[in-house]
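What follows is the residue order along each chain.
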Amino acid sequence: MAHVLVTGGTGFLGSHTIAQLLTAGHTVTTTVRSLTRRSGAERMLAEAGAPHADGVSWVEADLTSDRGWDRAVAGADYVLHVASPFPGARPKNEDEVIVPARDGALRVLRAARAAGVRRVVLTSSFAAVGYGHGATGRRFDEDDWTRTDGPGVSAYVKSKAVAERAAWDFVGSEGDGLELTVVNPVGIFGPVLGPDYSASVRIIHAMLTGGMRAAPPIWTNTVDVRDAADLHLRAMTAPEAAGQRYLALAGEPISFQQIALALRARLGEAAAEAPTGSAPAWLLRLLAVVSPALRETVPQLGVVRRASHAKARKELDWSPRSNEDAVVATAESLVRLGLVSG
Ligand code: NAP
């Protein structure tokens, strides 16, 4: 069994990853920006049914500062660097997300190298793979990179591409034997563990609470958070994963309308507010003139990004749940935790 540092213990993916590491018998240190968040994060681990959660070590460290990282990596065999800014809204200045993502990844890598860590698994994103290419019928795989100067590239998308590039450059030029493996998840769904849930979950919340009256013509790829966490654990120890990227996705893209249908079919009354009709793209483009929130979605209208999960399946024997199971699990958890009452 190993000692593992997971960055971002308050996060959706971070908490599920810690829970799986504990279940597998590893010991864990995790970082939080502020120790005042520790009790909330512990409640999330309890919700996930994590054993020995009282044995987790909590260290205060922010991606924007050098403070705390040496202490966080001390004694770690592996680092799963999950933390990164994942804002629900467009930041005023793109550096608000790009700088912590890139410089934070480099801080974690430098600290890991100094501490003699065997391997860092970096949580990147499909945002570093399949954006900025315009309309294409191509199926993206691990050889693809987002074009950060291409159309429809948001600050967040750029932050993930820039941070992942910087990480590969670092281990290539000054890694000194430190191994790097990268996981590139698509939109993460699955069970939420508490009220402070990730931005990706808001779509399901909006569908359940009547916040989305009609489904826009948007397609997304999904992966269940439990499968994304599982892939991090596989990527951590598989010898052949060193130096590799792995896309994490359930399968084919799913439309918002298909998501709404799955929620209605599987949750019944609890999904009575889920949209039954679709909103035409022309109407959304028109409304976007006066709505900043809608403006954010315009570049995604009608865009279908196909990608392959063949590499993770073949090399790491990874077997993800379906799109429908992932989004239904999100909805069920929101209902179970009483988070859809407004
Ligand atoms: P999340 O719940 O918002 O978690 C993000 C985590 O990063 C939180 O623990 C957050 O801490 C931490 N963080 C943000 N800025 C930080 C900073 N300056 N210093 C230290 N920690 C910081 O989102 P998530 O979905 O679990 O995302 C986890 C990872 O998966 C991220 O790298 C994200 O880019 C990636 N990802 C997510 C999706 C998705 O659809 N959710 C898809 C692909 C990739 P606080 O709680 O203090 O804010």
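A quick note: this is a predicted structure, and the numbers were derived from the prediction, not measured.

## Let's talk about the site of the ligand
Thinking step 1. The environment of the ligand is made up of 26 residues, and the closest members are Thr10, Arg33, Val82, Tyr156 and Ile188.
Thinking step 2. Here Ser198 contributes a side-chain N or O atom positioned 2.9 Å from an oxygen atom of the ligand.
Thinking step 3. Relative to its unbound accessible surface of 890 Å², the ligand loses 90% to contact with the protein.
Thinking step 4. The residue makeup of the shell around the ligand, split by class, is 12 nonpolar, 10 polar and 4 charged.

## Let's talk about the packing of helix H4 (residues 95–114) against helix H5 (residues 155–174)
Thinking step 1. In contact at an axis separation of 8 Å, H4 and H5 are set at 25° when each is read in the N-to-C sense. On the basis of their axis angle, the class for H4 and H5 is roughly parallel. Note that H4 runs across H5; the crossing there is right-handed. From H4, Val97, Ile98, Ala101, Arg102, Ala105, Leu106, Leu109, Arg110 and Arg113 reach across to H5, where they touch Ala155, Tyr156, Lys158, Ser159, Val162, Ala163, Ala166, Ala167, Phe170, Val171 and Glu174.
Thinking step 2. Residue composition of the contact of H4 with H5, grouped by class: 14 nonpolar, 1 polar and 5 charged.

## Focus on the nonpolar core
Thinking step 1. Ranked by size, the top nonpolar core spans 79 residues in total, and within it Ile204 and Leu263 carry the most contacts.
Thinking step 2. Examining the composition of this core, we find that 7 residues originate from one element, helix H7 (residues 225–237), more than from any other.
Thinking step 3. Contact partners of Ile204, with chain neighbours within four places excluded, come to Phe189, Ile259, Leu263, Val327, Thr330, Ala331 and Leu334.
Thinking step 4. Among the nonpolar cores identified, the runner-up in size contains 29 residues, and Leu5, Ala61, Leu109 and Ala128 belong to it.

Procedures and definitions
- Residues numbered from 1 in each chain as written.
- Predicted model: local features only at pLDDT ≥ 70, side-chain atom pairs only at ≥ 80, totals over all residues.
- Heavy atoms only, no water.
- Near = heavy atom within 4 Å.
- Polar contact = N/O pair within 3.5 Å; in protein donor to acceptor, adjacent residues only side chain to side chain.
- Areas by Shrake-Rupley, 256 points an atom, 1.4 Å probe, with all protein chains shown as cover.
- Nonpolar A, V, L, I, M, F, W, Y, C, P; charged D, E, K, R; others polar.
- Axes fitted to C-alpha atoms, helices over the stretch in contact; angles between N-to-C directions.
- Helix = DSSP H or I, 4+ residues; strand = E, 2+ residues; numbered from the N terminus.
- Parallel < 35°, antiparallel > 145°, perpendicular 65-115°, else oblique.
- Left-handed = near helix turned anticlockwise from the far one by under 90°.
- Contact = heavy atoms within 4.5 Å.
- Core = buried A, V, L, I, M, F, W, Y, C linked by side-chain atoms within 4.5 Å.
- Buried < 20%, exposed > 50% of the residue type's maximum accessible area, 1.4 Å probe, protein only.

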